[in-house]
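Geometric and topological summary
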Amino acid sequence: MPLIFLNGSAMRGGPLNYLLGGAPFAGEAETAARYRFYSVGDRFPGLAPVADGGAPISGELFDISLEVLREKLLPAEPPELELGVIELQDNRSVLSMVMRKPPTSYPELIDITEIGSWKKYKKGA
């Protein structure tokens, strides 16, 4: 089963974690320093690949089945995000939700790259 990097409400303890259908937790992780991180309308996080000025973003890895990904997780994702492949700090490639290119419609984007974590951002909000 593929690994997926999650950085929002589907992480452990989050309100959307149930969508993972009991997928095994595979550890905490950070992305390579090739991403900017945004609060999209203060509703969910958005990870955006950049050529320069990126930073490592914290998240969690889950060993998810393609059926759970197809049937539960992807249908619950907002239209501003799409499934992509990202690079972790240890050079592994994993699945993750990333900001859609080109944008469908973005409400206010708040750059939270310096915070580097959706959980930390939400605690301070």
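This text gives an overview of the structure that appears in the document. (Residues numbered from 1 in each chain as written. Predicted model: local features only at pLDDT ≥ 70, side-chain atom pairs only at ≥ 80, totals over all residues. Heavy atoms only, no water.)

Observations concerning the nonpolar core
Applied cut-off: In this text, buried Ala, Val, Leu, Ile, Met, Phe, Trp, Tyr and Cys residues form a nonpolar core when linked through side-chain atoms within 4.5 Å. Buried means the residue's accessible area, taken with a 1.4 Å probe over protein chains only, is under 20% of the maximum for its type, while exposed means over 50%, and partly exposed covers the values in between. Counting from the N terminus, the helices are DSSP H or I runs at least four residues long and the strands are E runs at least two residues long.
F5, F37, L47, L61, I86, L88 and V94 are the most contacted members of the largest nonpolar core, which totals 14 residues. Going through the elements one at a time, strand 3 (35–40), strand 7 (93–99) and helix 2 (118–124) are the ones with two or more residues in this core.

Quick look at the packing of aromatic side chains
Put simply, the test is: Each Phe, Tyr or Trp ring, with Trp reduced to its six-membered ring, pairs with another whose centre is within 6.5 Å; inter-plane angles below 30 degrees give stacked pairs, above 60 give edge-to-face pairs, and intermediate values give tilted ones. In this scheme, Lys NZ or Arg CZ marks a charge over a ring once it lies within 6 Å of the ring centre and within 35 degrees of the ring normal.
What the rule picks out here adds up to two aromatic pairs. Where F25 meets F62, the ring centres are 5.6 Å apart and the plane angle is 65°; that geometry is what we call edge-to-face. Highlighted residues: F25 in strand 2 (residues 25–30) and F62 in strand 5 (residues 58–63), separated in sequence by 37 residues. Overall, the relative accessible area of 35% leaves F25 in the partly exposed class. For F62, a relative accessible area of 2% gives the class buried. Over the face of the ring belonging to F25 we find R12, whose NZ or CZ atom lies 3.8 Å from the ring centre.

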